[in-house]
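Listed below are the residues making up each chain.
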Amino acid sequence: MSAPTHTRPHPATRAGVDSRLPWWALALPMLAFTALLALILNPSDAHAATGDAALTHLVERAQQLITR
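Residues numbered from 1 in each chain as written. Predicted model: local features only at pLDDT ≥ 70, side-chain atom pairs only at ≥ 80, totals over all residues. Heavy atoms only, no water.

## Some remarks on the overall build of the protein chain
- Counting its regular elements, the protein chain contains two helices and zero strands.
- Split into buried and exposed, the 68 residues of the protein chain put 0% on the buried side.
- When the accessible surface of the protein chain is summed, it comes to about 7300 Å², and 65% of that surface belongs to carbon and sulfur atoms. (Helix = DSSP H or I, 4+ residues; strand = E, 2+ residues; numbered from the N terminus. Buried < 20%, exposed > 50% of the residue type's maximum accessible area, 1.4 Å probe, protein only. Areas by Shrake-Rupley, 256 points an atom, 1.4 Å probe, with all protein chains shown as cover.)

## Examining a nonpolar patch on the surface
- Side chains of Trp23, Trp24, Leu28 and Leu31 sit close together on the surface and give an oily, nonpolar patch of about 550 Å² of accessible area.
- Here leucine 31 lies in helix H1 (residues 23-41). (Patch = residues over 30% accessible without salt bridge, like charges linked within 9 Å, V, L, I, M, F, W, Y side chains within 5 Å. Salt bridge = Lys/Arg side-chain N within 4 Å of Asp/Glu carboxyl O.)

What follows is the structure, encoded as structure tokens:
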């Protein structure tokens, strides 16, 4: 009994592939890097966020329940 033969598919060509990134794929990481670098160079501009007392109490209570 003879087995059917299969032909190999042709390899894909790379000439038609579009490998361009959108503008925001480079702009957003650069913006984040610049902001973090500015905070490192001048840490006096970085202020801690003032939290609500109820929110702080809720987070502390959640931590206590998790550690039990």
